[in-house]
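Okay, here's what each chain looks like letter by letter:
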Amino acid sequence: MSLFFAYAQIAQNRYREVFGLDFEDFQAGQIFHHRPGITLSQQDNKDEATETLNNAMLHFDAHYASQTEWKNCLGVSTLTLQRVLGSTWKTFYKKDRIIKLIDIAMTHPVFGDDTVYAKTTIQTILPAQDNLPTGDIEVLTEAINQNNEVVSKIHYIIRIYKRG
């Protein structure tokens with residue numbers, strides 16, 4: 001047992017950070033606020049559009065975007081999803097993988113210089129099999145911007161390693 005909650009002692013006066021919860025630590029109804037937030041730049045947005053071959057001018061042509069209902073370049077949804085799911089890593093550090101995407105909803109536009117934060121609600125703990133080292137958890141992760149607006153909802157099942 002370590003003297004420090006978030007650290008495991010590996011030798012005398014040496015500690016390693018411990019991240020993530022075991023499958024057994026999760027319960028339906030728990031809500032996790034993942035920090036820090038991530039500020040998305042317009043350059044991030046242009047890079048994502050280019051790398052994913054997304055040629056919708058609304059993502060990278062400011063003159064074109066200024067003539068749309070949004071008046072600004074709209075964030076590429078895959079960039080938002082990547083950053084939000086990535087920001088859950090400390091809580092879900094012991095994940096094996098995401099095994100099923102149930103639903104993805106982009107509920108509000110994201111623009112360059114927006115900061116997104118992730119909030120995850122544990123929906124259901126699925127019955128675990130004793131002979132497997134993992135168990136499955138159904139979760140809903142919301143991306144929330146700096147104005148407290150939900151910009152995305154990602155409903156999925158994640159496989160987490162059991163204790164030990």
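Residues numbered from 1 in each chain as written. Predicted model: local features only at pLDDT ≥ 70, side-chain atom pairs only at ≥ 80, totals over all residues. Heavy atoms only, no water.

With respect to the overall build of the protein chain
Looking only at helices and strands, the protein chain has 3 helices and 7 strands in total. Starting at the N terminus and walking to the C terminus, you meet the elements of the protein chain as β-β-β-α-α-α-β-β-β-β. Overall, the C-alpha framework of the protein chain stretches about 60 × 40 × 30 Å when taken along its three principal axes. A buried classification covers 35% of the 164 residues belonging to the protein chain. Considering only intrachain contacts with a sequence separation of at least 6, the fraction spanning at least 24 residues in the protein chain is 67%. With the model as given, the accessible surface of the protein chain reaches about 9900 Å², and the carbon-plus-sulfur share is 51%. Where the 16 positive side-chain charges of the protein chain centre and where its 19 negative ones centre are 6 Å apart. (Helix = DSSP H or I, 4+ residues; strand = E, 2+ residues; numbered from the N terminus. Buried < 20%, exposed > 50% of the residue type's maximum accessible area, 1.4 Å probe, protein only. Contact = heavy atoms within 4.5 Å. Areas by Shrake-Rupley, 256 points an atom, 1.4 Å probe, with all protein chains shown as cover. Lys, Arg positive; Asp, Glu negative; His and termini not counted. Charge placed at Lys NZ, Arg CZ, Asp CG, Glu CD.)

Description of the packing of aromatic side chains
Counting across every chain of the model gives 5 aromatic pairs. Ring geometry for Phe 26 against Phe 32: centres 5.8 Å apart, planes inclined by 70 degrees, an arrangement best described as edge-to-face. The residues Phe 26 and Phe 32 share a single accessibility class, namely buried. With a centroid separation of 5.6 Å and an interplanar angle of 25 degrees, the aromatic rings of Phe 26 and Phe 92 are classed as stacked. With Phe 26 in the loop between β2 (14–17) and β3 (31–40) and Phe 92 in the loop between α3 (77–86) and β4 (95–106), the pair connects residues that are 66 residues apart, well separated along the chain. On the basis of relative accessibility, which here comes to 2%, the residue Phe 92 falls in the buried class. (Phe/Tyr/Trp six-rings, centres within 6.5 Å; stacked < 30°, edge-to-face > 60°.)

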